[in-house]
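# Remarks on the overall topology
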Amino acid sequence: MTRVIDDDNGKGKGFPLAGLPLVALVSLAGVAVYLLILTGRTTTGREEDAFFAQEGIPVPGVDVRVREGAGSRSMEKLPKLCIIVPVGDWPMKAPRDMQVMKEIIRIYGTKSTLKFLISERSWDAAESEDDSISSRVVSVNTARSKEGTWELVWRGLHQVFSTHALSFEWFAIVQLNSLVVIPHLQAYLSYLDPSTAYYIGHVQGLEEWGREGVLYNNEHAIILSQSALRLLAIRISHIKDKTGLSTSGDFACIDISGYQYDKRLGGCLREVGIEPMDTRDSNGRQRFLVTRPRKREEFQKSSAYPMSFGSLHGVQDVQSLEYFTLKQPIQDSFHGVEMPTAKAFRIPSGSSDLQMDSDGNSPSAPNHHKIGAWIDSGASPPCLKKKSKECECNMDLPKRFTGVSHNGSPPCSQGSSLKHDSVCGIRCGKDKGSNQGLARCFNGWVVYPELNCVNSDEEMCIVPEEPPFTIFDPKPKSQLANRQSLTVTCADGYRLAGGRNIGYSKCYKGSIGVSHCGKCGEWTIEVKGSKYDLGGWDKIKFNGVSTDTFQVTGVAAGSEQDPNKNCGEFSLPEQLILQEKSSGKLVTGLSCSNNAIDIKKTTFKPTGVCS
């Protein structure tokens, strides 16, 4: 069980409904349950929410700098926000996922800049002809195309910040099944200075705190200020370096396959001295929700102006919540949102089972999870340790660029230094014409112009070292040509995710990534429906490996992917299934799409016996 920060004291009012047309509400099928907001308050819907009330963890007061600066807020100067949505599976298999994607474009498109992170190799293989999608895609050159979202996120953030660091003040990483309430969020962020490193969302990690010593924000909505993403981007630039820090575990800031990018982002940010902000309101209620409100008892514990909702199931959830939030006049939330604390989350002394010292560290956690461990290790640029606001940049030109004199500025050169706010000229490596621009040093980070360069298809790959119990053919340090594949097999008693005994990784434009083998064993998975449960859902068995991850998704009723083929009898378009994520292997059919199903718990028992 993962502890989440909340309080069920029931104080305060629920979020307001000013300006909400009743006709709009009743026009949505199934939306009647949301009318319960009139008599209640929203919640995260998690069983653990009462933990903080029991522990008596108080909400900190508001940072005095925020109070002093509140008078400078203006509705004419709302924060510049970039919303980034990782799309791990492209092309999308479930019809409802594409429907949700289109709804997100409609909702976010006019209120902020929206970008979808999609693996370059997946996008190249199935590029969308829909301009509303293709114009917003950031094609990320990942080494792995189907091995989780962590690599997609860290490479995507690095890529976005390389060209847009100076274009936006705030960056929100949001899941496809989440909804950010932009007016509420902009009103909230308008109190804060983006030149200060802020890491904002729904704080988690208490269950692992004593052992790991890392708090992180839930993946449904993670907000980073420009300054925070600058430090994260610099750390990510060295993600392949041997720093002497941790090279294993869920919070390690390393290049590895996997889906829990929220934990790894928390670990990377902690290494550069950034902690999650305490985002609860003055009554201890959550502003960033990790579930969707559905029942009366789920409208009891949320701040009056929630910033985000998570775990949405389909277009109806998105549209329903949109009517309760985004349709309100902006001035209501701008004046109604309570100012943020602007303080890092802290566990007070005397907590029954959680310990945190005055620096924000767990006394029993490893040294590599101490605040600022990477900066203190000496592996980071010296300027970071000095906390200068005018760090020089060391030019590490991407392969697609070469230096050129441009508009009177000197050419950029590999390995040279560039002072803060200085510029140098670059062009695409094969283009001697007008496809040129200026690179600028932004406090230790190089911001490049958006040039449409053609990547070289001749870039070779070097086979990396083999992870434990994993066998490569050809062997490590061998060369692979572009689009040539590496064969991956496992030692006895081990398999790749999904129970595969063989896998392939393709060299793609100089990058190659491989999954690692896990111990064979048996999974027990518990799922729960929002409307009904069927027999056996509390103990679904699956023979797999320790690296497996699972998801509930929908397939077209009656299709080859539909194991039950009975939903068409009820005029329902989708069959919900449980599958292993990375391989897409079917675990079991569940129910039709008139139900919403969540994975409640997974337990793995290693056996060393592979099926």
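To keep things clear, this report deals only with the structure shown in the data block. (Residues numbered from 1 in each chain as written. Predicted model: local features only at pLDDT ≥ 70, side-chain atom pairs only at ≥ 80, totals over all residues. Heavy atoms only, no water.)

Strand order in the open sheet formed by four strands is β12-β14-β15-β16, and the pairing between neighbours is antiparallel. Both outer strands of the open sheet, β12 (401-403) and β16 (445-447), are each paired with one neighbouring strand and no more. On average, each strand axis in the sheet is inclined to that of its neighbour by 40°, with strand direction left out of account. As defined by bridge partners, β12 adjoins strand β14 (residues 423-428) across three bridges and the pair is classed as antiparallel. Each bridged residue has a counterpart across the sheet, and for Gly403 the counterpart in β14 is Ile426. Those strands touched by helix α10 (residues 226-237) are β15 (436-442) and β16, and its axis lies near 100° from that of β16. (Pairing = 2+ DSSP bridges. Helix = DSSP H or I, 4+ residues; strand = E, 2+ residues; numbered from the N terminus. Axes fitted to C-alpha atoms, helices over the stretch in contact; angles between N-to-C directions. Contact = heavy atoms within 4.5 Å.)

So, about the sheet that holds strand β18 (residues 470-473). The sheet built from three strands is open, its strands ordered β18-β20-β22 with antiparallel pairing. In the strand order of this sheet, the two ends are held by β18 and β22 (502-506), each with one partner. In this sheet, adjacent strand axes meet at a mean angle of 30° when their direction is disregarded. Note: strand β20 (residues 485-490) against β22, five bridges, orientation antiparallel. Along β22, the bridge assignment pairs Ser485 with Lys506.

Moving on: unusual backbone geometry. Between Trp90 and Pro91 the backbone carries a cis peptide bond, its omega angle lying at 0°. Within the secondary structure layout, Pro91 lies in the loop between β1 (81-86) and α4 (95-108). The step from Asp473 to Pro474 runs through a cis peptide bond, and the omega angle for that step is 5°. The phi dihedral of Asn443 is positive, around 50°, even though this residue is not glycine. When you line up the elements, Asn443 lands in the loop between β15 and β16. The exposure class assigned to Asn443 is buried, which follows from its relative accessible area of 9%. (Buried < 20%, exposed > 50% of the residue type's maximum accessible area, 1.4 Å probe, protein only.)

Turning our attention to the environment of Tyr188. Note on placement: Tyr188 falls in helix α8 (residues 182-189). Excluding residues within four positions of it along the chain, Tyr188 makes contact with Ile200, Met277, Thr279, Arg287, Phe288, Met307, Val337, Glu338 and Pro340.

A complete count under the given rule lists eight disulfides for this structure. Residue pairing for Cys490: its cysteine sulfur links by disulfide to Cys517, the two sulfurs lying 2.0 Å apart. Classification of the bridge connecting Cys490 and Cys517 rests on its S-S torsion, roughly -80°, and on that basis the disulfide is left-handed. Within this pair, whereas Cys490 is found in strand β20, its partner Cys517 is found in the loop between β22 and β23 (518-529), the two being separated by 27 residues in sequence. Of the two residues examined, Cys490 and Cys517, each falls in the buried class. (Disulfide = S-S within 2.5 Å.)

So, on to the pairing of β20. Alternating residues of β20 divide into Leu486, Val488 and Cys490, all buried, and Ser485, Thr487 and Thr489, none buried. Strand direction decides the pairing type here: β18 and β20, joined by four bridges, are antiparallel. Pairing of Phe472 across the sheet is with Val488, part of β20.

Attention shifts here to the pattern of salt bridges. Using the criterion set out here, one finds 19 salt bridges in the structure. Residues Glu103 and Arg106 are paired through a salt bridge, measuring 2.7 Å at the closest nitrogen-oxygen approach. With Glu103 and Arg106 both in helix α4 and three residues apart, the pair spans about one turn of that helix. Where Glu271 meets Arg235, a salt bridge forms, and the shortest distance between an N and an O atom there is 2.7 Å. Placement of Glu271 in helix α11 (residues 261-271) and of Arg235 in helix α10 is noted, with a sequence separation of 36 residues between them. Grouping residues by exposure puts Glu271 and Arg235 together as buried. Among the ionic contacts, a cluster of salt bridges with common partners joins Glu151, Arg155, Lys240 and Asp255. (Salt bridge = Lys/Arg side-chain N within 4 Å of Asp/Glu carboxyl O.)

Our focus in this paragraph is the packing of helix α7 (residues 150-164) against α11. Two numbers describe how α7 lies on α11: the axes approach to 9 Å, and their chain directions differ by 45°. When the axes of α7 and α11 are compared, the pair comes out oblique. For the element pair α7 and α11, the recorded crossing hand is right-handed. Along its contact with α7, which presents Trp150, Val153 and Leu157, the element α11 presents Tyr261, Arg264, Leu265 and Cys268. Here the residues of the contact of α7 with α11 are counted per class, giving six nonpolar, no polar and one charged. (Parallel < 35°, antiparallel > 145°, perpendicular 65-115°, else oblique. Left-handed = near helix turned anticlockwise from the far one by under 90°. Nonpolar A, V, L, I, M, F, W, Y, C, P; charged D, E, K, R; others polar.)

The next subject is the packing of aromatic side chains. According to the stated counting rule, one finds 12 aromatic pairs in the structure shown. One aromatic cluster is present, formed by Phe161, Phe168, Phe171 and Trp445 through successive ring pairs. Positioned above the aromatic ring of Tyr191 is the side chain of Arg73, whose terminal nitrogen or guanidinium carbon lies 3.8 Å from the ring centre. Looking at Arg73, its charged tip hangs above the ring of Phe334, at a distance of 4.0 Å from the centre. (Phe/Tyr/Trp six-rings, centres within 6.5 Å; stacked < 30°, edge-to-face > 60°. Lys NZ or Arg CZ within 6 Å of the ring centre and 35° of its normal.)

On to the environment of Ser72. Relative to the helices and strands, Ser72 is located in the loop between α3 (64-69) and β1. Between the C-alpha atom of Ser72 and that of Tyr191, which follows or precedes it by 119 residues, the distance is 8.5 Å. A polar contact of 2.6 Å, which involves the side chain of Ser72, links it to the backbone oxygen of Gly69. (Polar contact = N/O pair within 3.5 Å; in protein donor to acceptor, adjacent residues only side chain to side chain.)

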